[in-house]
2 protein chains.
Amino acid sequence: MIATPYLLFLGDAADPLAAKVAQGIRDWRPDYAIGQFRLPGCKADMRLPDMTIEQAVAAGVKTLVVGVANRGGVISKDWIAVLVQALEAGLDVASGLHNLLTDEPELVRAAEANGRSLHDVRVPSVDYPIANGERRQGKRCLAVGTDCSVGKMYTALAMEREMTARGQKATFRATGQTGILITGDGVPLDAVVADFMAGSVEWLTPDNDPDHWDLIEGQGSLFHASYSGVTLALIHGGQPDALVLCHEPTRTHMRGLPSYTLPSLEDLRDTALKMARIVNPGCVVTGISINTAALGEDEARRLLDDIEARMGLPTVDPYRHGAARLVEALV
Amino acid sequence: MIATPYLLFLGDAADPLAAKVAQGIRDWRPDYAIGQFRLPGCKADMRLPDMTIEQAVAAGVKTLVVGVANRGGVISKDWIAVLVQALEAGLDVASGLHNLLTDEPELVRAAEANGRSLHDVRVPSVDYPIANGERRQGKRCLAVGTDCSVGKMYTALAMEREMTARGQKATFRATGQTGILITGDGVPLDAVVADFMAGSVEWLTPDNDPDHWDLIEGQGSLFHASYSGVTLALIHGGQPDALVLCHEPTRTHMRGLPSYTLPSLEDLRDTALKMARIVNPGCVVTGISINTAALGEDEARRLLDDIEARMGLPTVDPYRHGAARLVEALV
């Protein structure tokens, strides 16, 4: 687990989108986001106090989180200097970059010399078991998508927030780098060795109170040729009681696969349910989450109404209209 | 690729079953199996000439293959001594043991000193790509099972042999340790990192002649909670044109999962076909392979006839009755 709270390192972000990890932390764990650190030329702003490393330490920060993508796939000298300074001041450093912190000798030396931790959340740090398929106590909801990157993480986080606000027991379970940095914990499923994928998801969603819900971050899609195996391991390891279907309505082909069209929501419903019921015969689809960011308000409303009428399931864009109806459908 | 031919190391095999890797090589690649090496107390016999290391080198052997499971999860001192001797005599050493050859300092030193290779086939040795889902030339047949260990490797090897005997172009594609040691090449799919599973199968089954068939070794089962993700990656990376359903009729529950019953052959057919057609709309189920080892001849015949009548597909036990009908159904 990554120690909180965080100082969000925005580096020299080329634009706000480059800092989407920082934005995710700011949006979903505002209590963790105490301050930001920006280098000259930074084009992102989380509207948090700009802090020096010393100020962050004084404010109680425990970890500097790299909240920005690096340019050109290298961790620049400017960045290294700040990260070393943070380690020397007593902070841990966490990152989801492809280039690992632990591959940078200066960082490794500074971490060792100061007894601090480098968290590369792309790399599993646990020896996961092989899945045993046994039922666990507590409830689990999994977001499944017609494609990759259609809003599965957002949907699960929005449902967690809504349930927590209602006083219900709920925990978002991160299965990707951004989710892990947001919550400080999780499984980097795409980096787990094949045999242990489903077991890592069982490990992530253990026995819990009978009325507790795990809201599991989805990955990939059963219909995505590159990543479908990851998705099925998530379904079989997660043993969901409820599935929420996620979709982005303007996409013309599967992400990264120009010759593949997206499945229909009916096809996703039937296929995901079929696979989920192998491990949990009681699994049901409880709602639909549509990412309508590309549509105007009227168009979005009309689309949501149409899908809801067609599918007979609560259909919302949780970003636009909140996750209340998705949560009400669970219970 | 592992250099052939082989000296099969049987060690101090506790029983013939312990040497099933050696038996697989002996059965399926007899040209590779020049001799065997046995330690005192060995209870396995491949009916090959017993050879010293020197005799094996003189006979043209290139690699000593550990064809036996080790006891208690350690590579014993007796084994190490023989393997070092082999390396010093100019042989490579290959193994599918959980304990890696490269974790044994004596073996690493001897390999380096003599310029030889240690092949741990449980560990991927290639940086596989992410799958791109594009169609490749040539044909592919994949064995899919109601469960793990129901005869998928055997079925694919038997089909390869039958096709080769008929002068048809066919290549068995190994996806597990035993298959890799048998053929000298392949992908240890259960050890591949999640994101690259499907890509490793695309890599394994590249463009080929239009009338060439890859016979892909299956892994796991879509219905096995522990390994289903591996199976789906294999289906989506392999883009099969044909599926052969594999089943063991006396099994009372899924292997290693006492609370899970096996799916019906109809359920396997429908589910595997549904998933395969996402990447290859022309995919069809062409035959059924039943492992009848636990049944008498009459009972086996009756069962095969019943399943064939019920499913409307050629149904054979390739071990008992050959793979001819499975192969004829392909073309």
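Residues numbered from 1 in each chain as written. Chains lettered and ligands numbered in written order. Predicted model: local features only at pLDDT ≥ 70, side-chain atom pairs only at ≥ 80, totals over all residues. Heavy atoms only, no water.

Chemist: For this particular structure, what's the right way to read the overall build of chain A?
Modeler: Within chain A, the regular secondary structure consists of 12 helices and 11 strands. Its C-alpha atoms give chain A a radius of gyration of 20 Å, near enough to 20 Å, the size a compact globule of 331 residues would have. For chain A, the C-alpha atoms occupy an extent of roughly 55 × 45 × 45 Å along the three principal directions. Out of the 331 residues belonging to chain A, those deemed buried represent 57%. Considering only intrachain contacts with a sequence separation of at least 6, the fraction spanning at least 24 residues in chain A is 75%. For chain A, the exposed area adds up to about 13200 Å²; of that, 50% sits on carbon and sulfur atoms. Taking the average location of the 31 positive side-chain charges in chain A and that of its 42 negative ones, the two points are 3 Å from each other. (Helix = DSSP H or I, 4+ residues; strand = E, 2+ residues; numbered from the N terminus. Rg over C-alpha atoms; globule rule 2.2 N^0.38 Å. Buried < 20%, exposed > 50% of the residue type's maximum accessible area, 1.4 Å probe, protein only. Contact = heavy atoms within 4.5 Å. Areas by Shrake-Rupley, 256 points an atom, 1.4 Å probe, with all protein chains shown as cover. Lys, Arg positive; Asp, Glu negative; His and termini not counted. Charge placed at Lys NZ, Arg CZ, Asp CG, Glu CD.)

Chemist: Looking at this model, I keep getting lost on the interface of chain A and chain B. Mind explaining?
Modeler: Many descriptions give the size of an interface as the accessible area lost when the pieces come together. Across the contact, 34 residues belong to chain A and 34 residues belong to chain B. Each partner contributes to the roughly 2700 Å² buried at the junction of chain A and chain B, and carbon and sulfur atoms together form 59% of this total. Where chain A meets chain B, there are two salt bridges. One salt bridge connects Lys-274 of chain B with Asp-267 of chain A, and the closest N-O pair in it is separated by 2.6 Å. (Buried area = accessible area lost by both parts, 1.4 Å probe. Salt bridge = Lys/Arg side-chain N within 4 Å of Asp/Glu carboxyl O.)

Chemist: Help me understand the packing of helix H8 (residues 228–238) of chain A against helix H9 (residues 265–279) of chain A, please; the structure alone is not making it clear to me.
Modeler: How two helices sit against one another is set out by the angle between their axes and by the gap between those axes. Residues and elements named next belong to chain A. Where H8 contacts H9, the axes come no closer than 8 Å and their chain directions differ by 40°. Compared by their axis directions, H8 and H9 come out oblique. Pair H8 / H9 crosses with right-handed handedness. The residues of H9 that touch H8, namely those facing Leu-232, Ile-235 and His-236, are Met-275, Ala-276, Ile-278 and Val-279. For the contact of H8 with H9, the residue count by class is six nonpolar, one polar and no charged. (Axes fitted to C-alpha atoms, helices over the stretch in contact; angles between N-to-C directions. Parallel < 35°, antiparallel > 145°, perpendicular 65-115°, else oblique. Left-handed = near helix turned anticlockwise from the far one by under 90°. Nonpolar A, V, L, I, M, F, W, Y, C, P; charged D, E, K, R; others polar.)

Chemist: What is the right way to read the pairing of strand S3 (residues 63–66) of chain B from this model?
Modeler: Walk down a regular strand and you will see the side chains alternate between the two sheet faces. Residues and elements named next belong to chain B. Along S3, one buried face is formed by Thr-63 and Val-65 and the opposite face, lined by Leu-64 and Val-66, is buried too. Sheet topology places strand S1 (residues 6–11) next to S3; four bridges connect them, and they run parallel. Each bridged residue has a counterpart across the sheet, and for Tyr-6 the counterpart in S3 is Thr-63. Of the pairings in the sheet, the one linking S3 to strand S4 (residues 92–95) comprises three bridges and is parallel in character. (Pairing = 2+ DSSP bridges.)

Chemist: Got a minute to help me understand the pattern of salt bridges in this structure?
Modeler: Opposite charge on two side chains allows them to pair when their charged atoms are near. Residue and element names in this part refer to chain B. The final tally for this structure, using the stated rule, is 36 salt bridges over all chains. Asp-50 serves as the salt-bridge partner of Arg-38, at 3.0 Å between the closest nitrogen and oxygen. Of the two residues, Arg-38 sits in strand S2 (residues 33–38) while Asp-50 sits in the loop between S2 and helix H2 (53–58), which places them 12 residues apart along the sequence. What makes Asp-50 partly exposed here is its relative accessible area of 44%. A salt bridge links Arg-173 to Asp-214; its shortest N-O distance comes to 2.6 Å.

Chemist: So what exactly am I meant to see when it comes to the domain arrangement of chain A here?
Modeler: Residues and elements named next belong to chain A. As assigned here, chain A comprises domain 1 (6–120) and domain 2 (139–329). In this structure, domain 1 and domain 2 have C-alpha centres spaced 29 Å apart. Across the contact, 14 residues belong to domain 1 and 12 residues belong to domain 2. Buried area between domain 1 and domain 2, both sides added, is near 1100 Å², and the carbon and sulfur share of it is 64%. (Domains from an automatic or database assignment.)

Chemist: Before we go on, may I ask you to explain the environment of Leu-39 of chain A in this structure?
Modeler: When you line up the elements, Leu-39 of chain A lands in the loop between strand S2 (33–38) and helix H2 (53–58). Separated by 56 residues in sequence, Leu-39 of chain A and Ser-95 of chain A place their C-alpha atoms 17 Å apart.

Chemist: Which parts of the structure should I look at to understand the UniProt feature "domain: D-glutamate N-acetyltransferase-like C-terminal" (unreviewed entry) in chain A?
Modeler: In this structure's numbering, the residues bearing the UniProt feature "domain: D-glutamate N-acetyltransferase-like C-terminal" (unreviewed entry) are residues 130–327 of chain A. As annotated, residues 130–327 of chain A has a helix share of 39% and a strand share of 15%, and its two end C-alpha atoms lie 31 Å apart. (UniProt positions renumbered as here; feature names shortened; annotations may be inferred.)

Chemist: Looking at this structure, I do not really get the relation of the copies chain A and chain B. What am I missing?
Modeler: Note: a rotation about an axis with an accompanying shift along it relates these two copies of the chain. Rotating chain A by 180° and moving it 0.0 Å along the rotation axis overlays it on chain B with an RMSD of 0.0 Å. In short, the pair behaves as if placed about a two-fold rotation axis. (Least-squares fit on C-alpha atoms with pLDDT ≥ 70 in both.)

Chemist: Got a minute to help me understand the sheet that holds S2 of chain B in this structure?
Modeler: Within a beta sheet, neighbouring strands are joined by backbone hydrogen bonds and run either parallel or antiparallel to one another. All names here are of chain B. Strand order in this open sheet of five strands is S2-S1-S3-S4-S5, and the pairing throughout is parallel. Each edge of the open sheet carries a strand with a single partner, namely S2 and strand S5 (118–120). Adjacent strand axes in the sheet meet at a mean angle of 25°, parallel and antiparallel pairs treated alike. Across three bridges, the pairing between S4 and S5 is parallel. Bridge pairing in S5 links Val-93 to Leu-118. Helix H1 (residues 20–28) contacts S1, S2 and S3 of the sheet and is inclined by roughly 150° relative to S1. Set on the sheet, helix H3 (residues 77–88) makes contact with S1, S2, S3, S4 and S5; between it and S3 the angle comes to about 160°.

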